[in-house]
Amino acid sequence: MAFRVAQISDTHLSAAHPEFTANFAHLAEHLRAARPDLVLHTGDVSAHGELAIDDLRFARAQMDGLGLDWLAVPGNHDVGNDTILGGATPADAARLARWRETFGMDWHLRDIPGWRVIGLDTLITTAGLPESEAQFDFLAEALATADGRRIALFQHKPLCRDRLSDTEMTYWPVLPAARRRLLDLLAGHDVAFVASGHLHQWWDRGLCDGLRQIWAPAVAFVVGDTGRNAGAASRWAMSSMCCTPMAGMSAGWWSRRAWSGTISA
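This write-up is about the structure you can find in this document.

Digging into the overall build of the protein chain
And then number 1: Within the protein chain, the secondary structure is distributed over six helices and 12 strands.
And then number 2: Here the protein chain holds 265 residues, and 56% of them are scored as buried.
And then number 3: Contacts in the protein chain between residues far apart in sequence, at least 24 positions, make up 67% of those at least 6 positions apart.
And then number 4: Split by element, the accessible area of the protein chain, about 10400 Å² in all, is 54% carbon and sulfur.

As for the packing of aromatic side chains
And then number 1: Inspection of the entire model under this criterion finds eight aromatic pairs.
And then number 2: Both rings, one in tryptophan 99 and one in phenylalanine 103, keep their centres 4.2 Å apart while their planes meet at 10 degrees; by these two values the pair is stacked. Taken together, the residues span about one helical turn, with tryptophan 99 and phenylalanine 103 both in helix α4 (residues 93-103) at a distance of four residues.
And then number 3: Clustering of aromatic rings is evident, with ring pairs tying together Trp70, Trp99 and Phe103.
And then number 4: The cationic tip of arginine 100 hangs over the ring face of tryptophan 107; the distance from NZ or CZ to the ring centre is 5.1 Å.
And then number 5: One Lys or Arg, lysine 157, reaches over the ring of tyrosine 171 and ends 5.8 Å from the middle of that ring.

With respect to helix α6 (residues 176-186)
And then number 1: What α6 keeps buried is the set Pro176, Ala178, Arg179, Leu182, Leu183 and Leu186. Looking straight down α6, one finds that the buried residues subtend no more than 155 degrees of arc, so they occupy a single side.
And then number 2: Residues of α6 that are buried make contact with α5 (130-144), β6 (150-154), β7 (191-196) and β9 (211-215).
And then number 3: Glycine 188 lies just past α6 and shows a positive phi near 85 degrees.

Some thoughts on the pattern of salt bridges
And then number 1: Inspection of the entire model under this criterion finds 15 salt bridges.
And then number 2: Between arginine 161 and aspartate 162 there is a salt bridge, and its shortest N-O distance comes to 3.6 Å.
And then number 3: Here arginine 161 falls in the buried class, since its relative accessible area comes to 16%.
And then number 4: Put simply, arginine 212 and aspartate 204 hold a salt bridge, and the shortest N to O gap is 2.9 Å.
And then number 5: Overall, the relative accessible area of 17% leaves aspartate 204 in the buried class.

Definitions and limits used
- Residues numbered from 1 in each chain as written.
- Predicted model: local features only at pLDDT ≥ 70, side-chain atom pairs only at ≥ 80, totals over all residues.
- Heavy atoms only, no water.
- Helix = DSSP H or I, 4+ residues; strand = E, 2+ residues; numbered from the N terminus.
- Buried < 20%, exposed > 50% of the residue type's maximum accessible area, 1.4 Å probe, protein only.
- Contact = heavy atoms within 4.5 Å.
- Areas by Shrake-Rupley, 256 points an atom, 1.4 Å probe, with all protein chains shown as cover.
- Phe/Tyr/Trp six-rings, centres within 6.5 Å; stacked < 30°, edge-to-face > 60°.
- Lys NZ or Arg CZ within 6 Å of the ring centre and 35° of its normal.
- Arc of directions from axis to C-beta.
- Salt bridge = Lys/Arg side-chain N within 4 Å of Asp/Glu carboxyl O.

The values are spatial; any link to function lies outside them.
So, in structure tokens, the structure goes:
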């Protein structure tokens, strides 16, 4: 019997944003009907948890209300952004502590038949915290002990926007130095794909420099082109109520409108 994993992302939940909560309610209804074995949220669970714990608590209550087994990794609106980018809300110990107080650990490991599912906190990879190094150690151990299972990696920021060799320092992907450390750890392991959120756009990129990358659409709202070919934007124009279901790690993305494709990992 297939084990079904549903990926959702960028819900931006907050009592101050009832429109986002309404979108989530539609998605929650769909998920309860579909009954996946695991719901995996790839970050920006809250609208402004990086500013105060209230949004994190509100978002946690909404996730618990699903009545389904779920895991979540944080996004920049949950724990702050890469410190090196110089914004007003850097990922730091205080923001990370608020997340852990509300949601528990910010990285995860879950074994399912034939697979090892790993969730990472991509916002602390450049923070210089003890937890940053602990996460790299966690990933190394998780990969080394996979024992023949395929690896499915879930995180908020995509590994890259264009190429894994990109050197540009931007808001959207994992930053170059952290990306290189992650790639060095992943090398030689059976990594089937890296699934992420953050860009609010759907795109199964297929193999990119030998590693499959899948961008999930957002639940809360869509944004414009974040740097890809504008001519391809129509294929990203998903509705705000979207999720990524996986059946035995075969996946299809749907919205209110219709199925948009099926893949097999």
